[in-house]
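Structural characterization, general
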Amino acid sequence: MSRSRKAFGAAVAAATLAAVASAFAQGGDRPRFGFGVPATPQDIATWDIDMRPDGHGVKKGRGTVQQGQAVYDAKCAVCHGTFGESNSYLVIAGGVEPEDLKTGRAAGLKSGEVRTVGTKLNYATTLWDYIYRAMPWTAPQSLTIDENYAVTAYVLHLNEIVPADFELNDQTILTVQMPNRNGFTTHHGMGSVKGKPDVQGTLCMKDCAGPVKVTSTLPEYARNAHGNLAEQKRDMGPFRGIDTRLYEPGGARVAVADTEGKAPAQGGIDAQELITRNACVVCHAVNARIVGPSFAEISARYTSRYAVRAEAETLLVNKIKAGGSGVWGAVPMPPQSNVKDEEMKTIVKWIFTLTQ
Amino acid sequence: MSQQQRPAPGRVIPAPENHVTPEQYAQARTGRRGFMQQAALATGGMLAAAVGAPALGQTAKAAAAAEPPHLPSWTRSLGPGVAVTGYGLPSKFESAVQRRQSPGLTRTPQSSVSFTPLQNLFGIITPSGVHFERHHSGVAEINPHDHRLMIHGLVQRPLILSMDDILRFPSVSRMHFIECGANSGMEWGNVAVPTVQYTHGMLACSEFTGVLLSTLLEEVGYDKARGKYILAEGADGSALTRTIPVEFALDDVMVVYGQNGEMLRPENGYPLRLLVPGVQGVSSVKWLRRLEVGDKPWNTREESLHYVDLLPDGTHRQYSGVQEVKSVITTPSGGQKLTTKGFYEISGLAWSGRGKIRRVDVSTDGGRNWRTAVLQDPVMTKCLTRFRIDWNWDGSPAYLQSRAVDDTGHVQPAISALRAVRGTRSIYHNNAIKTWAVQPNGEVWNVQVA
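All figures in this text were calculated on a predicted structure; none of them were measured in a lab.

For chain A, the helix and strand inventory stands at 13 helices and eight strands. Residues counted as buried form 35% of the 356 residues belonging to chain A. Looking at chain A alone, contacts between residues at least 24 apart form 56% of all its contacts between residues at least 6 apart.

Moving on, we get to the overall build of chain B. When you go through chain B residue by residue, the secondary structure sums to eight helices and 24 strands. Across chain B, the fraction of contacts at a sequence separation of at least 24, relative to all contacts at a separation of at least 6, is 70%.

The partner chain A presents 91 residues to the 108 residues of chain B that form the contact. Classifying every residue of the side of chain B that touches chain A by side-chain character gives 45 nonpolar, 39 polar and 24 charged. Sheet topology places strand E6 (residues 239–241) of chain A next to strand E16 (residues 336–338) of chain B; three bridges connect them, and they run antiparallel. Looking at E16 of chain B, one finds that Phe 239 of chain A is bridged to Leu 338 of chain B.

Side chains three or four residues apart in an α-helix point the same way, a direct result of the helix having 3.6 residues per turn. All names here are of chain A. With 14 residues, helix H8 (residues 145–158) extends 20 Å from end C-alpha to end C-alpha; this agrees with the ideal 20 Å at 1.5 Å per step. By the criterion of burial, H8 is predominantly enclosed, with eleven of the 14 residues buried. Of the positions making up H8, those classed as buried are Asn 148, Tyr 149, Ala 150, Val 151, Thr 152, Ala 153, Tyr 154, Val 155, Leu 156, His 157 and Leu 158. Its buried side turned inward, H8 meets strand E2 (62–64), helix H3 (65–75), helix H6 (117–120), helix H7 (124–134) and strand E3 (167–169). Where H8 ends, the next residue or the one after it, Glu 160, has phi of about 60°, a positive value.

Turning our attention to the sheet that holds strand E23 (residues 435–438) of chain B. Pairing in this open sheet of six strands is antiparallel, and the strands run E5(A)-E24(B)-E23(B)-E22(B)-E18(B)-E19(B) from one edge to the other. Every interior strand has two partners, whereas the edge strands, strand E5 (214–217) of chain A together with strand E19 (371–372) of chain B, have only one. When E5 of chain A meets strand E24 (residues 444–449) of chain B, the two strands line up antiparallel, connected through three bridges. Looking across to E24 of chain B, one finds that Ser 216 of chain A is bridged to Gln 448 of chain B.

To continue, consider the nonpolar core. Residue and element names in this part refer to chain A. Among the nonpolar cores identified, the biggest contains 56 residues, and Leu 127, Val 151, Ala 153, Tyr 154 and Val 155 are the most heavily contacted of them. If you list the elements that add at least two residues to this core, you get H3, helix H4 (77–80), H7, H8, helix H10 (271–277), helix H11 (295–305), helix H12 (309–322) and helix H13 (341–353). Per-element tally for this core: the top contributor is H8, with eight residues. Residues contacting Val 151, with those up to four places away along its chain left out, are Gly 68, Val 71, Tyr 72, Cys 76, Ile 131 and Leu 143.

Moving on, we get to the domain arrangement of chain B. Residue and element names in this part refer to chain B. What the domain assignment reports for chain B is domain 1 (112–317) and domain 2 (326–447). Between the C-alpha centres of domain 1 and domain 2 the distance comes to 27 Å. Tallying the contact residues gives 30 residues for domain 1 and 28 residues for domain 2. Among the elements of the structure, strand E5 (172–179), helix H5 (196–200) and strand E13 (309–310) are those that each provide at least two residues to the side of domain 1 that touches domain 2.

A few words on the pairing of strand E6 (residues 203–212) of chain B. Residue and element names in this part refer to chain B. Of all ten residues making up E6, nine are buried, and the element is well covered by its neighbours. Relative to E6, E5 runs antiparallel, the two being bridged by eight bridges. Paired with Glu 179 across the bridge in E6 is Leu 203. For E6 and strand E9 (residues 254–259), the ladder comprises five bridges, and the chain directions are antiparallel.

So, on to the pairing of strand E15 (residues 326–331) of chain B. All names here are of chain B. Burial analysis of E15 places six of its six residues in the buried class, which makes it a mostly covered element. Note that E15 and strand E17 (residues 342–351) share five bridges and pair antiparallel. Across the sheet, residue Val 328 finds its bridge partner in E17, namely Leu 349.

Spatial ordering of the open sheet is given by E1(A)-E4(B)-E3(B)-E12(B)-E7(B)-E8(B), a layout of six strands whose pairing is mixed. The open sheet has two free edges, formed respectively by strand E1 (37–38) of chain A together with strand E8 (241–245) of chain B, since each of these has just one partner strand. In the sheet, strand E3 (residues 148–153) of chain B pairs with strand E12 (residues 288–294) of chain B via four bridges, with the strands oriented parallel. Directly across from Gly 153 of chain B, in E12 of chain B, lies its bridge partner Val 293 of chain B.

Take the packing of H3 of chain A against H8 of chain A next. Residues and elements named next belong to chain A. At a minimum axis separation of 7 Å, H3 and H8 run at an interaxial angle of 95°. Comparing their axes, H8 and H3 come out roughly perpendicular. Seen from H3, the contacting residues are Val 65, Gln 67, Gly 68, Gln 69, Val 71 and Tyr 72; seen from H8, they are Glu 147, Ala 150, Val 151, Ala 153, Tyr 154 and His 157. Grouping the constituent residues of the contact of H3 with H8 by class yields seven nonpolar, four polar and one charged.

Residue and element names in this part refer to chain A. Contact pair H12 / H13: the axes reach a minimum separation of 10 Å and the direction vectors enclose 125°. Classified by the angle their axes make, H12 and H13 are oblique. When the axes of H12 and H13 are compared, the crossing they make is right-handed. Two secondary-structure elements touch here, H12 through Arg 309, Ala 312, Glu 313, Leu 316, Val 317 and Ile 320 and H13 through Met 344, Lys 345, Val 348, Lys 349 and Phe 352. Its residues placed into classes, the contact of H12 with H13 shows seven nonpolar, no polar and four charged.

Residue and element names in this part refer to chain B. If you check which residues of helix H8 (residues 415–422) are buried, you get Ile 415, Leu 418 and Arg 422. Along the long axis of H8, the arc covered by the buried residues comes to 60°, so they all point the same way. Facing away from the buried surface of H8 by more than 90 degrees, the exposed residues are Ala 420 and Val 421. Here the buried face of H8 lies against E13 and E24. Immediately downstream of H8, the backbone of Gly 423 shows phi near 75°, a positive value.

For the rest of this paragraph, the subject is the confidence of the model for chain B. When pLDDT drops low, the exact placement of atoms in the prediction is not to be read closely. Residues and elements named next belong to chain B. Chain-level pLDDT for chain B is 90 on average; 86% of the residues reach the 70-or-more range. This stretch, residues 31–58, has a pLDDT under 50; its non-local contacts, to residues over four places away or in other chains, come to 32 contacts. What the predictor reports for the complex is a pTM of 0.82 with an ipTM of 0.86.

Moving on: the confidence of the model for chain A. Residues and elements named next belong to chain A. Per-residue confidence for chain A averages 84 on the pLDDT scale, and 86% of its residues sit at or above 70. Considering only residues more than four positions removed or in separate chains, one finds that residues 1–27, a stretch of pLDDT under 50, has 26 contacts. Contacts of residues 252–268 to residues separated by more than four positions or lying in other chains number 19 contacts, the stretch itself having pLDDT below 50.

Each value, and the rule that gives it
- Residues numbered from 1 in each chain as written.
- Chains lettered and ligands numbered in written order.
- Predicted model: local features only at pLDDT ≥ 70, side-chain atom pairs only at ≥ 80, totals over all residues.
- Helix = DSSP H or I, 4+ residues; strand = E, 2+ residues; numbered from the N terminus.
- Buried ≥ 20, exposed ≤ 12 C-beta atoms within 10 Å, placed from the backbone.
- Contact = placed C-beta atoms within 7 Å.
- Nonpolar A, V, L, I, M, F, W, Y, C, P; charged D, E, K, R; others polar.
- Pairing = 2+ DSSP bridges.
- Expected span 1.5 Å × (residues − 1).
- Core = buried A, V, L, I, M, F, W, Y, C linked by C-beta atoms within 7 Å.
- Domains from an automatic or database assignment.
- Axes fitted to C-alpha atoms, helices over the stretch in contact; angles between N-to-C directions.
- Parallel < 35°, antiparallel > 145°, perpendicular 65-115°, else oblique.
- Left-handed = near helix turned anticlockwise from the far one by under 90°.
- Arc of directions from axis to C-beta.
- pLDDT = per-residue confidence, 0-100.

Set out below in structure tokens:
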């Protein structure tokens, strides 16, 4: 508040000065407009969080693999899996071969199948930089610098890039040899407007190719997978959307049931929308285990143990709010204090419908 | 109004409220009129007809109720007044025109993408409300009075600018496309999605207003000898960063606050974003809060783990920003149905990150024979261009393709030519010719051909 007022006042003052000065100064030596306020070294230090491979922006600090494991298990495993194996996002660990560390080329990338942070990344500083600015996903920029070194060290260790007793700090981070450090090229035409394209089409106009051979089509079972296409095209003019419900197994009969079988809205808000909006689905699916138990499993447990539905609802709401670990596995569920009470009740009521 | 009632010249004429009954006035104010229900029923009927079997006979029958001597209710009643909706919305009969996600593509909506409904749009401007979205940590909801842009690094005068400051700088308005580097990425290996919304919908085009980045760089006195790259950083939870070469920055990069005549939408970076014309969308950092001038590229996560193009030998192309020449037919296209034989206008979009579209050719036989389409004015650099061509469909199978050429002479390649060089796992920068197959029953489906 005080900052913005000060800034505005200073801008007005500076602008007045600049208007006088601009008659004499041109180009980059002096400001032409004089808007804004100077960024002090302190201002820059708080916002300038980037770290570059050459050491530019490196922050003083340290952390060991062992310390990093504690941070990781508490704050990262919930999404990325205990060993960095979860494929909900780019897989954190796996696929690095001992030979890769020598060559600087991750062999698994040739098949294209082994794309992980370990096999793709070329510099450890980039891992540090990204974790520091954007992780944990629901609370970015909450790790201390030392915690950030520690958890970066642990992720490197999960990829067998550094040993278990390694300490990552502002010196060692610049010397870590990544498995894919030689795996990148800038020799291509897409880095500049004036670049030379690597693939050029032909301008043939007549009898250009043989008979058309269709090499790939959308399977019939996948044609309704993006919803009914009839509802995605304006129903006016020469082109209408295809009623893809007819491509579902069972055709039109299924189409009718589809509109009736949707999860009921509770209090005007759809529970399924809430579990998506509040990112519950990152870890929980309706019928399958991801990181956490399925909603159906949770429902079965609570409805079988507590005969009174209201009691079960209250207990589950409190459990979600407080978080916990050890009930379904070692990976902890963080407290969900950001979800509103009313929304929480809607979600819990919907979960219990899965057992009925 | 009789001659006697007419006021003398110069007198105020009574407002029209004087001519309606209090009941009519009340109805008009609330907008609750019987015809609304009738109209909804009628449209429901038309939708059912269109969905079931949009044969010409049935649509004609459904429309018969609108023919003379019928006088619709909206002709025989008073409508709502001005400013009933302070910010107007599309007609409720346009509800098909929505951004949509591709099911199963991402785990959560906060780190995800929604696609522009290209199949429903005309011309080249994307309405701001259906501009595709790509967020990495959800939408940052920013009070513009609390937003700052810091410019520092290899500069003489590090600076913090408020929105008040930025709006004072000399401005420019330009029309440019934004295309995600991963647009059409699902098509590298095979056909995977049904419509042009999902194959090409990470694409939009707007009139942007803002300050040229070169103006701001001059203002802070950037180091012209050593300053070769600029780091742009967002203010959202992902604090997304991308390296911008000075070559681009001094050319046409803008710091943008305006989009299609109003401020940016929150989903598109309100109140401030970078715009790097012709370069993959991730470089046009949204919710822009920091620009740092440096002597080397940053190798950020979005330049090493993502937005790098995997080649068959396991090498990744890095800093591959330019969106090369590309086009796609939007009508007719996948998931649509032709209602009858006869005349159709084939229409689509063409663009290039290297300049203007020079020419677009269209084939209806899978690339054996081509005709040159008409380009709609204006044709602008690094901007969508609308093309059109007449076509008479005789009911036989057809394979529709478009092929664009830009003013550097770059010709849009076939998917087979792209794969021969880049393989099928690149994810990014698929600018291949797109094929839509028209079946004898009028249905159009996404296919790939050799």
